[in-house]
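Examination of the molecular architecture
What follows is each chain in one-letter form.
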Number of protein chains: 2
Amino acid sequence: MIRKIRIGNPIETYAVTEKAECRPAEEIPYFETSQQGKKLSLMLGQKDIVYGLGEQVRGINKRGWVYVSNNSDDPNHTEGKNSLYGAHNFLLIDGAHRFGIFLDTPGKVCFDIGYTEYDRMEITFEDADYDCYVIEADEGTAAERILTEIVHEFRHLIGRSYIPPKWAFGFGQSRWGYKTAADIREVVTGYRKNRIPLDSVYMDIDYMDHFKDFTLDKEAFPDFPEFVKEMKAQHIHLVPIIDAGVKIEKGYPVYEEGIANGYFCTDEDGKPFTAAVWPGKVHFPDVLNPEVRQWFGNWYRVLLNMGIEGFWNDMNEPAIFYSERHLKEVFEQLEDYKDKNLDIWSFFELKDLVGRLDNRPEDYASFYHNYEGKKIRHDKVHNLYGYNMTRAAGEAFERLEPDKRILMFSRSSYIGMHRYGGIWTGDNQSWWSHIALSMKQMPALNMCGFLYSGSDIGGFGSDCTPDLLMRWLEFGIFTPLMRNHSALGTRSQEAYRFDSRKMADIIGLRYMLLPYIYSEFMKAALSGDMYFRPLAFDYPQDDRARHTEDQLLVGESMMIAPVCEQNAIGRNVYLPERMKLYRFRSAADFDTEVLEAGDHFVPADLNEVLIFIRPGHIVPLAAPGAENTDEVSLSAVAAISAVSATQPLTLSFVETGTAEYRWYDDDGYTRNYEMQKHIRIIREDAAGTVTVENAKA
Amino acid sequence: MIRKIRIGNPIETYAVTEKAECRPAEEIPYFETSQQGKKLSLMLGQKDIVYGLGEQVRGINKRGWVYVSNNSDDPNHTEGKNSLYGAHNFLLIDGAHRFGIFLDTPGKVCFDIGYTEYDRMEITFEDADYDCYVIEADEGTAAERILTEIVHEFRHLIGRSYIPPKWAFGFGQSRWGYKTAADIREVVTGYRKNRIPLDSVYMDIDYMDHFKDFTLDKEAFPDFPEFVKEMKAQHIHLVPIIDAGVKIEKGYPVYEEGIANGYFCTDEDGKPFTAAVWPGKVHFPDVLNPEVRQWFGNWYRVLLNMGIEGFWNDMNEPAIFYSERHLKEVFEQLEDYKDKNLDIWSFFELKDLVGRLDNRPEDYASFYHNYEGKKIRHDKVHNLYGYNMTRAAGEAFERLEPDKRILMFSRSSYIGMHRYGGIWTGDNQSWWSHIALSMKQMPALNMCGFLYSGSDIGGFGSDCTPDLLMRWLEFGIFTPLMRNHSALGTRSQEAYRFDSRKMADIIGLRYMLLPYIYSEFMKAALSGDMYFRPLAFDYPQDDRARHTEDQLLVGESMMIAPVCEQNAIGRNVYLPERMKLYRFRSAADFDTEVLEAGDHFVPADLNEVLIFIRPGHIVPLAAPGAENTDEVSLSAVAAISAVSATQPLTLSFVETGTAEYRWYDDDGYTRNYEMQKHIRIIREDAAGTVTVENAKA
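What counts and what doesn't
Residues numbered from 1 in each chain as written. Chains lettered and ligands numbered in written order. Predicted model: local features only at pLDDT ≥ 70, side-chain atom pairs only at ≥ 80, totals over all residues. Heavy atoms only, no water. Helix = DSSP H or I, 4+ residues; strand = E, 2+ residues; numbered from the N terminus. Rg over C-alpha atoms; globule rule 2.2 N^0.38 Å. Buried < 20%, exposed > 50% of the residue type's maximum accessible area, 1.4 Å probe, protein only. Contact = heavy atoms within 4.5 Å. Areas by Shrake-Rupley, 256 points an atom, 1.4 Å probe, with all protein chains shown as cover. Lys, Arg positive; Asp, Glu negative; His and termini not counted. Charge placed at Lys NZ, Arg CZ, Asp CG, Glu CD. Salt bridge = Lys/Arg side-chain N within 4 Å of Asp/Glu carboxyl O. Buried area = accessible area lost by both parts, 1.4 Å probe. Polar contact = N/O pair within 3.5 Å; in protein donor to acceptor, adjacent residues only side chain to side chain. Nonpolar A, V, L, I, M, F, W, Y, C, P; charged D, E, K, R; others polar. Domains from an automatic or database assignment. Pairing = 2+ DSSP bridges. Axes fitted to C-alpha atoms, helices over the stretch in contact; angles between N-to-C directions. Least-squares fit on C-alpha atoms with pLDDT ≥ 70 in both. Expected span 1.5 Å × (residues − 1). Bend = angle between axes of the 7 residues up to and from the residue. Parallel < 35°, antiparallel > 145°, perpendicular 65-115°, else oblique. Left-handed = near helix turned anticlockwise from the far one by under 90°. Phe/Tyr/Trp six-rings, centres within 6.5 Å; stacked < 30°, edge-to-face > 60°. Lys NZ or Arg CZ within 6 Å of the ring centre and 35° of its normal.

The next thing to look at is the overall build of chain A. When helices and strands are tallied, chain A shows 17 helices and 40 strands. Relative to a compact globule of 697 residues, whose C-alpha radius of gyration would be 26 Å, chain A shows 25 Å and is just as compact. Dimensions along the principal axes, computed over C-alpha positions, put chain A at roughly 80 × 65 × 55 Å. Relative to its 697 residues, chain A shows a buried fraction of 67%. In chain A, the proportion of contacts linking residues at least 24 apart, taken out of those at least 6 apart, comes to 73%. Surface accessibility of chain A: about 23,100 Å² in total, with carbon and sulfur atoms responsible for 47%. On chain A, the mean spot of the 76 positive side-chain charges and the mean spot of the 106 negative ones are 1 Å from each other.

The structure is reproduced here in structure tokens:
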């Protein structure tokens, strides 16, 4: 049951696609409301858990910190931060009452979840203008279905999640610093030569002509369409980046068209607002305006026409390195410091003057959108920008490529954007703690509809080590977006730079698991379920499971327990029920063990992946050895109906009777999946006999 | 057995106090030497562990990163950093061969411990001038004694660790921002009123007159000696900070004397080198010169004479906010950027220009010491500065207060400084990961002789939460230096700001445990042992114990397993042998359980401390209820010989026979502990009968 309560006069976000009944006079249930709706307050019981907030710092259980929805370009994702790149105002309270709450407003929202007092949650809005949706499971819902059911209802409210092409479930390599076609060829050769599977290479800002969107550096890529073909012949998809800011440059058609049509955000005088990002000075397309979205989206066709089938949208908080106006002020102020005998406070002022040029609240409050016929100041709709840039692309793809799925994921986001693209978790670091962080973010993102997501494997900033990359891959093989990405100036971390045989073995597991990963992803997308779930969702009565933060359920059959500690020889695992452990070193080299419910220390060498299969469950596999997703599709059914002594056809845990798995598949690229979908029922009995049968329509 | 190998012509550091035989022609054992001794290389086996490096980032096992000995004022102790405040060039290799290695050189040393290749360690020196000590246990040493024995030999080589007064084992409260006597009174009242034990209040830079060392802000502290007395009457010791830089100010006697006598570090032209730190422009006393040490050390008497009995030395890497010369250059360069149309690279240059004013290698290479009759450039002896500032104080205290122990700890350090003071681990953050980091640093510091140490409880930077402070205290009650400290502008985190009853209960445990903590500290200091040990030291044959990074042995009787995860309801604990668990909520409220060797999930609510007692071991306790260390000393023996139904006299695990504990105590303030020491033998049998007897001399 969903109750919608409108407070004040909210700005439309289009997060919600289903109409919910709104009774204006109604109070927000459970919460105490004060300051005319600007503050909501809720007491928390000792063992209550608060889930949600999507892409944020800290735990699966969000208690004990203050989080602010304020999309921020901040590359230091430490525990002390309050905002990352996304605004995902959905919470799920698992206490005496179990309910979800979605606070639909594009402005800043502050969530004090047991920060000031451990037993109190306070939600504070900058403006008392928002829609509040309170979501509860229907009466009579079984306890172990309640959390899932609430998410299910919420997802129905906000519409179906974005579905990428199947090749986007392959492994991708990225780096800021692949400057030329030759650089990319070298990477592909590195993978292919070492027989490490690979499906895509990402092109960061280097490929553009002076960081101009929808252009190419002609020297670095003299015949780009031909290069795209060359890569495709090797089953490699190139995925270029698109930035939010449009370079100010006479004769650059995107700039000229934007100016001619008044498509850019303006300053208070109505002139295009000037900020600086990668290209130097830029204007921001006013993507909140549907006409601008259509125009900007159409520009993607430049690359689509060259054979490109996927993109990532970046810098779309939007990040601002400096604004033209403020930079001038700073240079004026610097004069004052010049001949001063700087005492320590004035010295820190000086440092801040230059150090805080970027992403200033004052700059965000100094430009305007033309939104639904009104001039609206950017900071009031800040959290919608990346969403609408990605929506521009998503809407364009539907027009330009009506039959084909196009890969799209974004850095900045708001709920609603999940219909147009996935996200990656931005500029993380080569830190062990960031494997754990990404694990904790995934289920929270799934709740809000962001199913196609993952973090930069190996870490973007800082220097990666061989063991860190290995352990990170061991988690990354389960994330729908599986991409190794790193920053200019950091240590090279392509898988072949290290022990390429062992890296190939681990990445190979992804391709072996692909039938299951794709099937579970699609089922979650189509039915509004979660691909990654905290243990609490399936074992809500088990207090240990409820407080487990370092294990996840992946789809219906599997629990994972990645090793996130450097130099560890294994890890503690809590089993809420009896499960079967598969310990994989490679697709062909593994051992199994049935473990009872309870605590176990499970050894896991650096090159070992732990997969736990739940009782009565099956995981369909592809034949090992695929080096790209094209090879997987052909092999999956064959593998399941074949017999092999050295490899499992399925992962399964069937002790009695017959287990059944509903295997979703489709051609992987048709946008109209309904036309192409193919459901097979896999059955396996205790003797290990596997049958595959097409499901009835 | 210690082998000393001299490479080149090393600069004397006085780290070593015992003469070791030096055979100049000898090669460094185990290592492959190249580049005329500038590079040492060692292959590591799959399961070899490398301990050591004192105050550094990452694990107890240092494998998988690159560490640089280069004392750095860097408040962001993330995994990606290579240097913190100390240079502790001692490693302990636990592999096919077990040995220690100490590389005695005051310059930069780079330790690549399985960073480039997981199986290789490489040590690289800037200059091939160093003394190398290779330390092995005597043949025939029992396996479980080898690591301890190597440390023991090393500690004998470098001399006895600093011993603070006993009151310094009480709990201390600190904050940058206690500006006046009234502020401090308010803090003390907050503690006393809430009956939370407290022994000291630290005075950060605020107390000085314009940040001038050995001065007082007269308005804030109109009668300081009287205030010191007032505090002492409440059993509170005030502990002021002393900074490295001396403010340049006509008439300020420290400055005037330093100038008159040529006591400051000079630039290349022989003029005093000017940097800026808190007071604005300063000169650095050339503490490498014994005459300067004597002069600077004597200045501490100003505060000693006012009744002060302890100090902390800060900013002594030395931190440099900017150098006069470079600031000028920057302002000149800023002119170039002024009218430029900043592209993105020039913009980042501009940001760096101002952002990297502090702690520049170029500044460290632009001033000089007068060391042993030679002019020596600072960067060649950089890592000795904080050490010698603290040595100045330590040497002065011996002269000025020959009978009394004075509390002293420092931020920057080098091995050798451990004889003159302890350290705290610098500007950490209110992050859960920093509880774990401090746990991992403690045993590594102990190896190098730094026994009196601890981290800022609750975290210095960032905002603390009630649960973080509680969990941090639960570890902090075991660190010899137990201090809550936080930065200006962060959330107030005095224990009474939160659930003061529960905070009092946890801090109360420290006072109950004090007889044991002090006894174990003193025994470790006097015999060159470790107070905190990784499990590997006592259970070297147990591979699980060897790879346990989140539990520590504390003294001879105890293992601890602090909870370092937010919202955790307990934690996994590995027991290398059968032990007795005490789960304390307060001194009077606890339960016990005997746990078998192996893995256990041990519940631990937010206000519960887990202490594991090893079989056949005893921990002597003080009677609960003490609110300062003065009260403890009187109560300890009484407690042990009393009987109580609700509280243990000892913590113990005696199943058969009689266990024995050698309890060290002394008056806690006499420098000549030999005169005052009092050893008692506590015996306890399986029936719980406790006897106490004075040991024979």
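In the structure shown here, the tally under the stated rule is 116 salt bridges over all chains. Residue Asp456 of chain B pairs with Arg483 of chain B through a salt bridge whose shortest N-O separation is 3.0 Å. Taken together, the residues span a long stretch of sequence, with Asp456 of chain B in strand E26 (residues 456-457) and Arg483 of chain B in strand E27 (residues 482-484) at a distance of 27 residues. Of the two residues examined, Asp456 of chain B and Arg483 of chain B, each falls in the buried class. Where Arg571 of chain B meets Asp550 of chain B, a salt bridge forms, and the shortest distance between an N and an O atom there is 3.1 Å. Remark: Asp550 of chain B occurs in the loop between helix H16 (543-546) and strand E29 (552-554) and Arg571 of chain B occurs in strand E31 (residues 570-575); sequence separation between them is 21 residues. Counted as one network, the salt bridges with shared partners bring together Lys47, Asp94, Arg98, Asp543 and Arg546 of chain A.

Next up on the list: the interface of chain B and chain A. At the junction of the two partners, chain B supplies 60 residues and chain A supplies 60 residues. Summing the contributions of chain B and of chain A, the shared interface buries around 5,500 Å²; its carbon and sulfur component is 60%. The interface formed by chain B and chain A includes 4 salt bridges. Among the salt bridges present, the one from Glu335 of chain A reaches Lys338 of chain B, with a minimum N-O distance of 3.3 Å. The interface formed by chain B and chain A holds 26 residue pairs in polar contact (both at pLDDT 80 or more) in total. Sorting the residues of the side of chain B that touches chain A by element identifies strand E17 (280-283), helix H7 (324-338), helix H8 (344-355), helix H12 (433-447), helix H13 (466-476), H16 and strand E34 (598-603) of chain B as the ones contributing at least two each. Looking at which element gives the most residues to the side of chain B that touches chain A, the answer is H8 of chain B, with 8 residues. Partitioning the side of chain B that touches chain A into residue classes produces 27 nonpolar, 16 polar and 17 charged.

Another aspect to go through is the domain arrangement of chain A. Residues and elements named next belong to chain A. In terms of domains, chain A is made up of domain 1 (2-158), domain 2 (244-321 + 361-424) and domain 3 (518-694). Once you take the C-alpha centre of each, domain 2 and domain 3 turn out to be 39 Å apart. On the side of domain 3, 8 residues touch domain 2, which itself brings 7 residues to the contact. Here domain 2 and domain 3 share an interface that buries about 540 Å² over both sides, 35% of which is from carbon and sulfur atoms.

Another aspect to go through is the sheet that holds strand E1 (residues 2-7) of chain B. Strand pairing in a sheet relies on backbone hydrogen bonds. The paired strands run either parallel or antiparallel. All names here are of chain B. Sheet architecture is open: 5 strands sit in the order E1-E11-E8-E7-E4, paired in antiparallel fashion. Each edge of the open sheet carries a strand with a single partner, namely E1 and strand E4 (49-52). The sheet shows a mean angle of 20° between the axes of neighbouring strands, direction not considered. Two strands pair when backbone bridges link them, and strand E8 (residues 98-104) and strand E11 (residues 130-135) are joined in this way by 5 bridges, in the antiparallel orientation. Across the sheet, the residue bridging to Ile101 is Val134, located in E11. In the packing of helix H1 (residues 146-158) onto the sheet, the strands contacted are E1, E4, strand E7 (90-94), E8 and E11, and the crossing angle to E8 comes to about 25°.

The two copies are related by a screw operation: chain B maps onto chain A through 180° of rotation and 0.0 Å of translation along the axis, at an RMSD of 0.0 Å. Between the two chains, the operation in question is that of a two-fold axis.

Let us look at helix H14 (residues 500-527) of chain B. Residue and element names in this part refer to chain B. With 28 residues, H14 extends 39 Å from end C-alpha to end C-alpha; this agrees with the ideal 40 Å at 1.5 Å per step. The sharpest bend along H14 reaches about 60° and sits at Leu513, with the proline Pro515 one to four residues further on. Burial within H14 is extensive, with 23 of its 28 residues counted as buried. Phi for Gly528, located one or two positions after H14, is positive at around 75°.

On to the pairing of strand E33 (residues 589-595) of chain A. Residue and element names in this part refer to chain A. Here strand E32 (residues 579-586) runs beside E33; their pairing, made up of 7 bridges, is antiparallel. When the bridges of E33 are listed, Tyr582 appears paired with Thr592. Hairpin connection between E32 and E33: a loop of 2 residues separates the two successive antiparallel strands.

This part takes up the pairing of strand E37 (residues 650-653) of chain A. Residue and element names in this part refer to chain A. Here E37 shows two buried faces, one formed by Thr650 and Ser652 and the other by Leu651 and Phe653. Pairing analysis gives 4 bridges linking strand E36 (residues 617-620) to E37, with the strands arranged antiparallel. The residue of E37 that forms the bridge with Pro620 is Thr650.

All right, on to the sheet that holds strand E5 (residues 65-69) of chain A then. Residue and element names in this part refer to chain A. Strands sit in the order E2-E3-E10-E9-E5 across an open sheet of 5 strands; the sheet is antiparallel. Every other strand in the sheet has two partners, leaving strand E2 (32-34) and E5 as the edge strands with one partner each. Adjacent strand axes in the sheet meet at a mean angle of 15°, parallel and antiparallel pairs treated alike.

What follows concerns the side chain of Ser41 of chain B. Residues and elements named next belong to chain B. Structurally, the position occupied by Ser41 is in strand E3 (residues 39-43). Within the local environment of Ser41, its side chain forms a polar contact with the side chain of Arg120, the two groups lying 2.6 Å apart. With sequence-adjacent residues up to four places away left out, Ser41 is seen in contact with Tyr30, Phe31, Glu32, Arg120, Met121 and Glu122.

The next point concerns the packing of helix H13 (residues 466-476) of chain A against helix H14 (residues 500-527) of chain A. Residue and element names in this part refer to chain A. As a packed pair, H13 and H14 sit with axes 9 Å apart at the nearest point and diverge in direction by 15°. Here H13 is positioned roughly parallel relative to H14, judged by the angle of their axes. The hand of the H13/H14 crossing is left-handed. Taking contact as the criterion, the partners of Pro466, Leu469, Met470, Leu473, Glu474 and Gly476 in H13 are, on H14, Lys502, Met503, Ile506, Ile507 and Arg510. Taken together, the residues of the contact of H13 with H14 sort by class into 7 nonpolar, 1 polar and 3 charged.

Residue and element names in this part refer to chain A. The final tally for this structure, using the stated rule, is 106 aromatic pairs over all chains. Ring centres 6.1 Å apart and planes at 35° place the aromatic pair Tyr582 and Phe590 in the tilted group. Note on Phe590: relative accessible area 23%, which makes it partly exposed. A network of ring pairs unites the aromatic residues Phe169, Tyr202, Trp312, Phe409, Trp424, Tyr452, Tyr518, Phe521 and Tyr664 as a single cluster. The ring of Trp299 carries the charged tip of Arg301 above its face, separated from the ring centre by 5.7 Å.

Here Glu317 of chain A and Pro318 of chain A are connected by a cis peptide whose omega angle stands at -5°. Structurally, Pro318 of chain A can be placed in the loop between strand E18 (310-314) and strand E19 (322-323). Its identity is not glycine, yet His235 of chain A carries a phi of approximately 60°, on the positive side. With respect to the helices and strands, His235 of chain A occurs in the loop between helix H3 (224-233) and strand E14 (237-243). Phi is positive for Tyr30 of chain B, close to 70°, though the residue is something other than glycine. Positionally, Tyr30 of chain B belongs in the loop between E1 and strand E2 (32-34).

Here the focus is the packing of helix H7 (residues 324-338) of chain A against helix H8 (residues 344-355) of chain A. All names here are of chain A. Put simply, H7 and H8 touch, their axes get as near as 10 Å, and they point 160° apart. The angle between H7 and H8 places the two elements in the roughly antiparallel class. For the crossing formed where H7 meets H8, the hand is left-handed. Each of Val330, Gln333, Leu334 and Tyr337 in H7 lies in contact with H8, whose residues at this interface are Ser346, Glu349, Leu350, Leu353 and Val354. Taken together, the residues of the contact of H7 with H8 sort by class into 6 nonpolar, 2 polar and 1 charged.

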